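The residues making up each chain are set out below.
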Amino acid sequence: MFTKNILLAIVAATLAMAASPVGSGSWTSVSPSFSVQQCAGGTVSGSTFKLPKSPNGSTSGSGCSNGHLRAERRYNNDYSSGIHQFGGEFKITSLTGDRIALKQTFNGDAGPYFIMGIKSTGDIYNIEGGATIASGVAKVGSTVQINTVHDANKKTYTVYVNGKKSYTDSSAPGGSFYDKFGAYTSDSGSGAITVTWSDVSFWTQ
Ligand SMILES: *[C@@H]1O[C@H](CO)[C@@H](O)[C@H](O)[C@H]1NC(C)=O
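Residues numbered from 1 in each chain as written. Predicted model: local features only at pLDDT ≥ 70, side-chain atom pairs only at ≥ 80, totals over all residues. Heavy atoms only, no water.

Under the annotation held in an unreviewed UniProt entry, the chain carries the name Polysaccharide lyase family 7 protein and is attributed to Oidiodendron maius.

Quick look at the structure:
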């Protein structure tokens, strides 16, 4: 019985680490460090990100000067060349808000570049520009797999939702980029939300 339990634990651990990259080429797994940003009432607990309904009025803290609700990890993977992939799964466990960013590729030179948001309808969309990326998939309780591939040499950016290529920008800007994920209200957005990210991986080539 003891042995069987150990075997089951090993199988479960292996399945939990089963993230794999999408797209062509030979990917190298990397593990950048990150810092946590909690603003205006947003809180981070492990990989669970929580925003209340509205901001608490505080603008102090890292990344908090605009007063928006924020609960995010800022990865220290700054790059201006090469090919960079992010992979992870999110599950929204409660949502009364709307238009909330869950994943960002930030351009340290020019500000936000790609911001993937969700709407109360379950749509995934590009907050910069408004294009719908996937309709109705980000429902409360559903697990959604996201991969982003940014070729900073060719200036292309591709988003895969549940393994399906769902958005491509073939004229991405230049600059110095880094990844963020968690929860952050857009200009027209509001809380509340609780979302958990899991199985997050980074690769480069
Ligand atoms: C608002 O929330 C932030 C965390 O997101 C916290 O650091 C700050 O102390 C809070 N401010 C007030 C006035 O409650």
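Enquirer: Can you help me understand the pairing of strand S4 (residues 48–51) in this one?
Expert: Within a regular strand, side chains alternate between the sheet's two faces. On S4, burial follows the alternation: Phe49 and Leu51 on one face are buried, whereas Thr48 and Lys50 on the facing-out side are not. Here strand S3 (residues 43–45) pairs with S4 via 3 bridges, running antiparallel. Opposite Val44, over in S4, you have Phe49 as the bridge partner. The antiparallel pairing of S3 with S4 creates a hairpin that spans 2 residues between the two strands, and Gly46 there sits at a positive phi of about 65°. As paired elements, S4 and strand S15 (residues 193–204) share 4 bridges and run antiparallel to each other. For Phe49, the partnering residue across the bridge sits in S15 and is Val195. (Buried < 20%, exposed > 50% of the residue type's maximum accessible area, 1.4 Å probe, protein only. Helix = DSSP H or I, 4+ residues; strand = E, 2+ residues; numbered from the N terminus. Pairing = 2+ DSSP bridges.)

Enquirer: Even after reading the chapter, I still don't get the side chain of Gln85, so can you show me in this structure?
Expert: Relative to the helices and strands, Gln85 resides in strand S6 (residues 83–95). Side-chain polar atoms of Gln85 contact the backbone nitrogen of Val22, separated by 2.8 Å. Discounting residues that sit within four places of it in the chain, Gln85 has contacts with Pro21, Val22, Trp27, Asn147, Thr148, Val149, Ser201, Phe202 and Trp203. (Polar contact = N/O pair within 3.5 Å; in protein donor to acceptor, adjacent residues only side chain to side chain. Contact = heavy atoms within 4.5 Å.)

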